[in-house]
Amino acid sequence: MFGAQKIFHILQNHVLVFCTYSTISTQTFQVSPTYSRDVAGHGAIAPHREKFYGILNGIDPDIWDPYTDNFIPVPYTCENVVEGKRAAKRALQQKFGLQQTDVPIVGIITRLTAQKGIHLIKHAIHRTLESNGQVVLLGSAPDHRIQGDFCRLADALHGVYHGRVKLVLTYDEPLSHLIYAGSDFIIVPSIFEPCGLTQLVAMRYGSIPIVRKTGGLYDTVFDVDNDKDRARSLGLEPNGFSFDGADSNGVDYALNRAIGAWFDARDWFHSLCKRVMEQDWSWNRPALDYIELYHAARKF
């Protein structure tokens with residue numbers, strides 16, 4: 001197995017670029033298998049379906065590593081994930097003036113665009129608060145109308161649910177590290193998603209992803225109740241909660257199970273945090289897949 005840094009050098013030498021859509025010789029690829037199938041019926045793609053591939057993205061484990069992360073209070077690995085995340089949660093609550101209570105925190109780290117499921121994000125916030133959880137959102141909108149809408153939502157929520165919710169409407173990567181570490185869950189309810197890195201980083205920090213079944217979210221998150229066989233076929237264990245549809249019922253289905261497990265099966269939940277940290281969502285496997293595709297393309 002190549003180390004991640006060596007793989008990056010190999011790919012750079014072969015002029016491979018990781019992006020949402022690219023080509024190698026006559027080969028075309030997308031950044032997840034499911035997303036490639038989702039768009040394969042497009043008129044420009046369908047005639048060349050046999051040249052169309054889906055390979056997952058990965059995360060840089062040197063940047064996203066709770067053991068060496070300078071933006072969180074206590075370094076941790078899968079072996080001391082409970083203690084590490086407990087310290088990060090306290091720091092997160094203190095930073096935003098949240099109540100110092102033992103409740104689940106749902107983190108949301110996203111661009112605020114229609115693609116990311118704005119209506120589902122809003123519902124998830126309200127549903128978490130109704131379920132006695134806390135919410136921290138970090139994100140901003142390129143559309144000033146959406147940004148303004150979330151500013152008004154923040155004012156309303158901060159007034160009604162003071163000490164239980166914080167919306168930070170900007171881009172702040174250092175802060176995202178603390179949210180990944182201090183949250184129990186990270187929700188990603190995208191309407192479509194070529195791959196998504198948020199759920200991968202969440203698992204690296206022992207936070208359980210809650211996702212809508214689409215694109216790369218479906219390829220990387222395996223529901224603890226419904227995806228055991230699918231995960232096993234790939235040599236993995238279930239690692240999160242997921243839902244179909246694009247309405248509030250779907251969000252409730254996943255979020256209720258997740259928060260219920262946190263309150264009612266804490267030991268099991270802690271074992272799940274450890275499990276997701278042990279899974280490798282770095283560039284190691286995808287990089288090798290790209291190299292294989294590159295060599296296959298050279299034959300044309």
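It should be emphasised that the depicted structure is a prediction, and the values quoted were computed from it without experimental measurement. (Residues numbered from 1 in each chain as written. Predicted model: local features only at pLDDT ≥ 70, side-chain atom pairs only at ≥ 80, totals over all residues. Heavy atoms only, no water.)

J.: Can you tell me about the overall build of the protein, naming the residues and giving the values?
T.: The secondary structure content of the protein amounts to 12 helices and nine strands. In the protein, which comprises 300 residues, the share counted as buried stands at 55%. In the protein, once contacts between residues fewer than 6 apart in sequence are set aside, the share between residues at least 24 apart is 69%. With an accessible surface of roughly 13,500 Å², the protein has 52% of that area assigned to carbon and sulfur atoms. (Helix = DSSP H or I, 4+ residues; strand = E, 2+ residues; numbered from the N terminus. Buried < 20%, exposed > 50% of the residue type's maximum accessible area, 1.4 Å probe, protein only. Contact = heavy atoms within 4.5 Å. Areas by Shrake-Rupley, 256 points an atom, 1.4 Å probe, with all protein chains shown as cover.)

J.: Any chance you could break down the pattern of salt bridges for me, citing the residues and the numbers?
T.: Summed over the entire model, instances satisfying the criterion amount to 15 salt bridges. Linking R266 and D102 is a salt bridge whose minimum nitrogen-to-oxygen distance equals 3.3 Å. Residue R266 is found in helix α11 (residues 266–278), and its partner D102 is found in the loop between α3 (81–96) and β4 (105–111); the two are separated by 164 residues along the sequence. A relative accessible area of 25% places R266 in the partly exposed class. It is possible to trace a salt-bridge network through shared partners that takes in E79, K274 and E278. (Salt bridge = Lys/Arg side-chain N within 4 Å of Asp/Glu carboxyl O.)

J.: So what's going on with unusual backbone geometry? Which residues, and what values?
T.: Backbone phi values are negative for most residues with the exception of glycine, while trans is the configuration of most peptide bonds. The backbone of N132 sits at a positive phi, close to 70 degrees, despite the residue not being glycine. Counting through the fold element by element, N132 comes out in the loop between α4 (118–130) and β5 (134–140).

J.: Any details on the sheet that holds β5? Residues and values, ideally.
T.: In spatial order, the strands read β6-β5-β4-β7-β8-β9; together these six strands make up an open sheet with parallel pairing. Looking at strand neighbours, the two that pair on one side only are β6 (165–168) and β9 (241–243), the edges of this open sheet. Within this sheet the neighbouring strands show an average axis-to-axis angle of 15 degrees, counted without direction. Pairing between β4 and strand β7 (residues 185–188): two bridges, direction parallel. Bridge assignment links V106 to a residue of β7, and that residue is F185. This element, helix α5 (residues 144–160), spans β5 and β6 of the sheet and lies at about 155 degrees to β6. (Pairing = 2+ DSSP bridges. Axes fitted to C-alpha atoms, helices over the stretch in contact; angles between N-to-C directions.)

J.: Please set out the pairing of β4 residue by residue, giving values where relevant.
T.: Within β4, six of the seven residues are buried, which leaves the element mostly enclosed by the surrounding structure. Across seven bridges, the pairing between β4 and β5 is parallel. Directly across from R111, in β5, lies its bridge partner S140. Remark: the β4/α4/β5 crossover connection has right-handed handedness. (Right-handed = clockwise from strand over helix to strand, strands pointing away.)

J.: Lay out the pairing of strand β8 (residues 208–212) in plain terms, naming residues and giving numbers.
T.: For β8, the tally of buried residues reaches five of five residues, placing the bulk of the element in the interior. Sheet topology note: the β7/β8 ladder contains four bridges and is parallel. If you follow F185 over to β8, its bridge partner there is I208. Once you follow β7 into helix α7 (residues 198–204) and on to β8, the crossover reads as right-handed. In this sheet, β9 lies alongside β8 in parallel orientation, the contact comprising three bridges. Note that in β9 the partner of I210 across the bridge is F241.

J.: Provide a residue-level description of the nonpolar core, including the pertinent values.
T.: By size, the foremost hydrophobic cluster in this structure holds 73 residues, and its most contacted members are I125, L137, F150, L167, F185 and F241. Among the elements that make up this core, the one with the highest residue count is helix α10 (residues 248–264) (seven residues). When neighbours within four sequence positions are excluded, F150 is seen to be in contact with L112, I118, I121, K122, L137, L167 and L169. (Core = buried A, V, L, I, M, F, W, Y, C linked by side-chain atoms within 4.5 Å.)

J.: Before we move on, can you summarise helix α6 (residues 173–182) with the specific residues and values?
T.: Two residues of an α-helix separated by three or four positions point the same way, owing to the 3.6 residues in each turn. α6 sits mainly inside the fold: eight of its 10 residues count as buried. Listed in full, the buried residues belonging to α6 are L175, S176, H177, L178, I179, Y180, A181 and G182. If you check the start of α6, you find a side-chain oxygen 3.0 Å away from the backbone N of L175, and it comes from D172. (Polar contact = N/O pair within 3.5 Å; in protein donor to acceptor, adjacent residues only side chain to side chain.)

J.: A description of the packing of α10 against α11 should follow, citing residues and the corresponding values.
T.: Running from amino to carboxyl end, α10 crosses α11 at an angle of 115 degrees, the nearest separation of the two axes being 6 Å. For the pair α10 and α11, contact is made by A261, W262 and D264 and by R266, W268 and F269, respectively.

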